[in-house]
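# Structural description and commentary
Spelled out from the first residue to the last, the chains are:
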Amino acid sequence: MAIWHSAAPRQRRGAHVEFESTIRQQLEARLRLESELVLAVERGQFELFYQPQVRLVDGGLVGAEALIRWRHPERGMVSPGEFMPVVNTSPSSEKIAAWVLDTACRQARIWELAGHAVRIAVNLSPSQLQTGDLAAAVADVLAATGLTPSLLELEVTEDILLLDEERVLDMFQRIQQLGVRIVFDDFGTGYASLSYLKKFPLDGLKIDRSFVLDLLSDPDDAAIVGSTVGLSKQLGLSVVAEGIENRATADLLVMMGCQEGQGYFFGRPAPAASFETDYLVHKPAAITADAGRAA
């Protein structure tokens, strides 16, 4: 019996040491990544890719979502899934978010001057509302770039709406007074999506791809998407469906009354030069599955 009693504490101590080692490794990895992100900002390693957003009824281009990419000098292209969770809670968050907004607006202005009025959607970071004056920052970027305000669309998620409601409400109202649109991203995945439609001044919403991917085979997803589209129409909100990967899904969304969509069927995220060549210079009458595969 003494053997068993003495072995158990050793096993617990061993498990505790292994747990501490794992935590320490995770912390060290995060700190290393945060340091690399600081260098990435300083050395211009970030790049914006653009994914087309189209009118579902005819496939005509209406805009693009700006998506950040990181060209790491050693690891190559790093997936946003690897670094964005760290970015959103790191000291570099506000600086990176400001760079994204400025870069997207400058690119949109270049296209606008070339005769291509492309609406650009930019994802907001919680840090942009927690510190500083986002409305003033947006006004400054518009003034510096000369971009027509209606060509800028800011996407917000529930974690942003969970912040100080009074502050966020004031910020949104001032941003909309500039002529900039505000859209609720990842709609339906949070805890209180419906209540936010009532509380905040929004211009549209994006149906999360998790409801769109299995739209053809899952009756529950179809019911959720159909109800969301109907509710949006009653509230006067525009709707963009994410994650469209085939024509049949796009056709069903049209039947449901959804106006706009994006997804691999229409085109993958691409660098500005490629996006310009594929969707602006050639000016396709409609973006097809072939265009999506070529992007």
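These remarks concern the structure in this document. Bear in mind the structure is a predicted one, so any value in this text is a computation, not a measurement.

### Thoughts on the layout of surface pockets
What the largest pocket holds in volume is close to 1,000 Å³. Looking at the largest pocket, it is lined by 35 residues, and the ones nearest its centre are Glu65, Leu67, Pro80, Asn123 and Asp185. Of the residues contributing to the lining of the largest pocket, the split by class is 14 nonpolar, ten polar and eleven charged.

### Things to note about the nonpolar core
Of all hydrophobic cores here, the largest spans 72 residues; its most connected members are Tyr50, Ile120, Leu152, Leu154, Phe172, Ile244 and Leu253. In terms of residue count, the dominant contributor to this core is helix 3 (residues 93-113) (seven residues). Apart from the residues lying within four places of it in its own chain, the contact partners of Leu253 are Leu56, Val212, Leu215, Val225, Ala241, Ile244 and Cys258.

### Description of the packing of helix 3 against helix 5 (residues 134-145)
At a closest axis distance of 10 Å, the pairing of helix 3 and helix 5 adopts a crossing angle of 35°. In this structure, the crossing between helix 3 and helix 5 has a hand that is right-handed. Contact residues: helix 3 offers Leu101, Asp102, Cys105, Arg106 and Arg109, while helix 5 offers Val138, Val141, Ala144 and Thr145. Of the residues assigned to the contact of helix 3 with helix 5, the class counts are five nonpolar, one polar and three charged.

### Side note on the packing of aromatic side chains
Considering all chains together, one arrives at eleven aromatic pairs under this definition. Ring centres of Tyr50 and Trp111 lie 5.2 Å apart, and the angle between their planes is 70°; on these two criteria the pair is classed as edge-to-face. You can see Tyr50 sitting in strand 1 (residues 46-55) and its partner Trp111 sitting in helix 3, a full 61 residues away along the chain. The buried category is assigned to Tyr50, whose relative accessible area is 2%. Judged by its relative accessible area of 0%, Trp111 falls in the buried class. Between Phe184 and Phe187, the ring centres sit 5.5 Å apart and the planes meet at 85°, which makes this aromatic pair edge-to-face. Taken together, the aromatic side chains of Phe46, Trp70, Phe83 and Trp99 make up a single cluster linked through ring pairs.

### A closer look at the pattern of salt bridges
Taken as a whole, this structure holds 16 salt bridges when the rule is applied. A salt bridge links Arg181 to Glu153; the shortest N-O distance between them is 2.8 Å. Taken as a pair, Arg181 in strand 6 (residues 181-187) and Glu153 in strand 5 (residues 152-156) lie far apart in primary sequence, 28 residues in all. Glu153 sits in the buried class, given a relative accessible area of 1%.

### Quick look at the pairing of strand 8 (residues 238-241)
In summary, the side chains of a regular strand alternate between the two faces of the sheet. The alternating pattern of strand 8 places Ser238 and Val240 and Val239 and Ala241 on opposite faces, both of which are buried. By the bridge criterion, four bridges tie strand 7 (residues 204-207) to strand 8 in an arrangement that is parallel. Paired with Lys206 across the strands is Val240, a residue of strand 8. Note: strand 8 against strand 9 (residues 260-261), two bridges, orientation parallel. Directly across from Val240, in strand 9, lies its bridge partner Glu260. Remark: the strand 8/helix 11 (residues 247-256)/strand 9 crossover connection has right-handed handedness.

Calculation notes
- Residues numbered from 1 in each chain as written.
- Predicted model: local features only at pLDDT ≥ 70, side-chain atom pairs only at ≥ 80, totals over all residues.
- Heavy atoms only, no water.
- 1 Å grid on protein atoms, 1.4 Å probe; cavity = no way out; pocket = protein on both sides within 12 Å on 5 of 7 lines; lining within 4 Å.
- Points joined across faces, edges and corners; volume = space filled by probe spheres on them.
- Nonpolar A, V, L, I, M, F, W, Y, C, P; charged D, E, K, R; others polar.
- Core = buried A, V, L, I, M, F, W, Y, C linked by side-chain atoms within 4.5 Å.
- Buried < 20%, exposed > 50% of the residue type's maximum accessible area, 1.4 Å probe, protein only.
- Helix = DSSP H or I, 4+ residues; strand = E, 2+ residues; numbered from the N terminus.
- Contact = heavy atoms within 4.5 Å.
- Axes fitted to C-alpha atoms, helices over the stretch in contact; angles between N-to-C directions.
- Left-handed = near helix turned anticlockwise from the far one by under 90°.
- Phe/Tyr/Trp six-rings, centres within 6.5 Å; stacked < 30°, edge-to-face > 60°.
- Salt bridge = Lys/Arg side-chain N within 4 Å of Asp/Glu carboxyl O.
- Pairing = 2+ DSSP bridges.
- Right-handed = clockwise from strand over helix to strand, strands pointing away.

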